[in-house]
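# Understanding the architecture of this molecule
Below, each chain spelled out in residue letters.
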Amino acid sequence: MDVGREARTPGEQPDEPLHFVDDRIDLEAAAHGDTAAFDALYERHIPVVYRHAYSLMGSRREAEEIAQDVFVTLFSKIATVRIVDRSLLPWLLTTSRYLCLNRRRAAARHNARTHVDGLVALPADPMSVEDRVRNRALREAIDDALAQLSDEDYTVYLLCIEEGLSYQEASLQMGVSHGAIRNRLSRLRAALRIALGPAREGR
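Residues numbered from 1 in each chain as written. Predicted model: local features only at pLDDT ≥ 70, side-chain atom pairs only at ≥ 80, totals over all residues. Heavy atoms only, no water.

Next up on the list: helix 3 (residues 60-77). Between its first and last C-alpha, helix 3 extends 26 Å over 18 residues, near the 26 Å set by a 1.5 Å rise per residue. If you check the start of helix 3, you find a side-chain oxygen 3.4 Å away from the backbone N of Arg61, and it comes from Ser59. (Helix = DSSP H or I, 4+ residues; strand = E, 2+ residues; numbered from the N terminus. Expected span 1.5 Å × (residues − 1). Polar contact = N/O pair within 3.5 Å; in protein donor to acceptor, adjacent residues only side chain to side chain.)

This is how it looks when you write it as structure tokens:
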């Protein structure tokens, strides 16, 4: 028995991620013109980027466009992209969120102009004015709280809370230990509860 290693209870997940591919290797190669390395990054991360965009946009077509735009942005900025730990995913998801929010703001401005011009009749809204105001306040509070997160915390939020991945699955995506994911998620949940407290009390 190796006394230098800490014993684990049966069924306990190992603390280090298994079979993780270091994105830094492909990122550096792609920055020097290796198209196969760029393709590898694309294939590795496009499913998560697409699901994230779809969760924010609610449209398959727009999610596909956003996901493609994320990798176009990566290609254009690849010489200056820097990643923490070993995963490119936090950078990709932060870029996706930025592009989604910009598109949502543009759509909201367009809809507002259309309604003002009288070109589209507003549908009947079964919600009361008070409920709509409270829901909007909560949504804005959530958006503000998420905007304050680091790229890494935002990625943990998406993988573990939005997508429901286990600690081990998230650790494989991010290239950090199972324990690091667990600790970061615990701190993240506590911070979000505090940040959303006033908005939730108003509901």
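One way to put it is that helix 6 (residues 151-162) packs onto helix 7 (residues 167-174) with a least axis distance of 10 Å and a crossing angle of 135°. If you check the angle between helix 6 and helix 7, you find them oblique. Handedness of the crossing formed by helix 6 with helix 7: right-handed. Taken together, the residues of helix 7 that come into contact with helix 6 (itself represented by Glu152, Thr155, Val156, Leu159 and Cys160) are Ala170, Gln173 and Met174. Among the residues making up the contact of helix 6 with helix 7, the classes are represented as five nonpolar, two polar and one charged. (Axes fitted to C-alpha atoms, helices over the stretch in contact; angles between N-to-C directions. Parallel < 35°, antiparallel > 145°, perpendicular 65-115°, else oblique. Left-handed = near helix turned anticlockwise from the far one by under 90°. Contact = heavy atoms within 4.5 Å. Nonpolar A, V, L, I, M, F, W, Y, C, P; charged D, E, K, R; others polar.)

A word on the nonpolar core. Counting residues in each nonpolar core, the largest one holds 46 residues, and the members touching the most others are Leu27, Phe71, Leu74, Leu88 and Leu92. Elements supplying a minimum of two residues to this core: helix 1 (23-31), helix 2 (35-57), helix 3, helix 4 (89-116), helix 5 (129-147), helix 6, helix 7 and helix 8 (178-201). Among the elements that make up this core, the one with the highest residue count is helix 2 (eight residues). Residue contacts for Leu92: discarding those within four places in its chain leaves His45, Val49, Val70, Phe71 and Leu74. (Core = buried A, V, L, I, M, F, W, Y, C linked by side-chain atoms within 4.5 Å. Buried < 20%, exposed > 50% of the residue type's maximum accessible area, 1.4 Å probe, protein only.)

It is at 8 Å that the axes of helix 2 and helix 3 come closest, and there the two elements cross at 140°. In terms of orientation, helix 2 lies oblique with respect to helix 3. The element helix 2 and its partner helix 3 pack so that their crossing is right-handed. Where helix 2 approaches helix 3, its residues Phe38, Leu41, Tyr42, His45, Ile46, Val49, Tyr50, Ala53, Tyr54 and Met57 are matched on the opposing element by Arg60, Glu62, Ala63, Glu64, Ile66, Ala67, Gln68, Val70, Phe71, Leu74 and Phe75. Partitioned by chemical class, the residues of the contact of helix 2 with helix 3 number 16 nonpolar, two polar and three charged.

Turning our eyes to something else, we now look at helix 6. Over its 12 residues, helix 6 extends 15 Å from the first C-alpha to the last, a length consistent with the 16 Å expected when each residue adds 1.5 Å. In terms of burial, helix 6 is largely enclosed, as nine of its 12 residues are buried. Two residues or fewer past helix 6, Gly164 is found with a positive phi of approximately 75°.

Take the pattern of salt bridges next. The full count for this structure, using the stated rule, is nine salt bridges. Two residues, Arg24 and Asp22, come together in a salt bridge whose shortest N-O distance is 2.7 Å. On the basis of relative accessible area, Asp22 is assigned to the buried category, the value being 18%. The closest approach of N and O atoms between Arg103 and Glu65, which form a salt bridge, is 2.6 Å. You can see Arg103 sitting in helix 4 and its partner Glu65 sitting in helix 3, a full 38 residues away along the chain. Relative accessible area serves as the criterion here: at 24%, Arg103 is assigned to the partly exposed category. Overlapping salt bridges bring together Arg61, Glu62, Glu65, Asp69 and Arg103 as one network. (Salt bridge = Lys/Arg side-chain N within 4 Å of Asp/Glu carboxyl O.)

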